Amino acid sequence: MAEWRFGAASSRLRALLEEQGLVPEFPRTIGGRALREEATQLFPGFQAEVEAAEEDWKAWFRLGLAYDACGDRRRGRWAIRRAISLEKSDRRS
């Protein structure tokens, strides 16, 4: 059940970012996998976004996508969970 909720919430937030044109594009192989070396070079920019705005769910979500593209799925999911939590708090405010 928790995985289903995570999937639903992350899909909803991704759709919100897509509407705003904020989903990062990472170079990919023909098969669709992100190229880790190129993603790793782009990663510091996403990390800097979070450091500049630690309560911004969009920055955390983008960082999660960057972690995933770099091959660190565990940290990617952690960052996306943080984004979900922050966005939920924003809606309640």
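Residues numbered from 1 in each chain as written. Predicted model: local features only at pLDDT ≥ 70, side-chain atom pairs only at ≥ 80, totals over all residues. Heavy atoms only, no water.

### Some details on the nonpolar core
Here is a general trend for soluble globular proteins: nonpolar side chains tend to be buried in one another's company.
Here is step 1: In this structure, F26, W57, W60, F61 and L63 are the most contacted members of the largest nonpolar core, which totals 26 residues.
Here is step 2: Put simply, the parts of the chain that give this core at least two residues each are α1 (2-19), α2 (36-52), α3 (57-69) and α4 (73-92).
Here is step 3: Among the elements that line this core, the one with the most residues is α3, at nine residues.
Here is step 4: Apart from residues lying up to four places away in sequence, L63 is in contact with F43, F46, Q47, V50 and A79. (Core = buried A, V, L, I, M, F, W, Y, C linked by side-chain atoms within 4.5 Å. Buried < 20%, exposed > 50% of the residue type's maximum accessible area, 1.4 Å probe, protein only. Helix = DSSP H or I, 4+ residues; strand = E, 2+ residues; numbered from the N terminus. Contact = heavy atoms within 4.5 Å.)

### Remarks on the layout of surface pockets
Here is step 1: Size it by volume and the largest pocket reaches roughly 460 Å³.
Here is step 2: Classifying every residue of the lining of the largest pocket by side-chain character gives eight nonpolar, four polar and nine charged. (1 Å grid on protein atoms, 1.4 Å probe; cavity = no way out; pocket = protein on both sides within 12 Å on 5 of 7 lines; lining within 4 Å. Points joined across faces, edges and corners; volume = space filled by probe spheres on them. Nonpolar A, V, L, I, M, F, W, Y, C, P; charged D, E, K, R; others polar.)

### Side note on the packing of aromatic side chains
In this description, a pair of aromatic rings is defined by centroid distance and the angle of the planes.
Here is step 1: Using the criterion set out here, one finds three aromatic pairs in the structure.
Here is step 2: The interplanar angle of 50° and the centroid separation of 5.6 Å between the aromatic rings of F26 and F46 together place this pair among those described as tilted. Of the two residues, F26 is situated in the loop between α1 and α2 and F46 in helix α2; the sequence distance between them amounts to 20 residues. As far as burial versus exposure is concerned, F26 and F46 are alike and both buried. (Phe/Tyr/Trp six-rings, centres within 6.5 Å; stacked < 30°, edge-to-face > 60°.)

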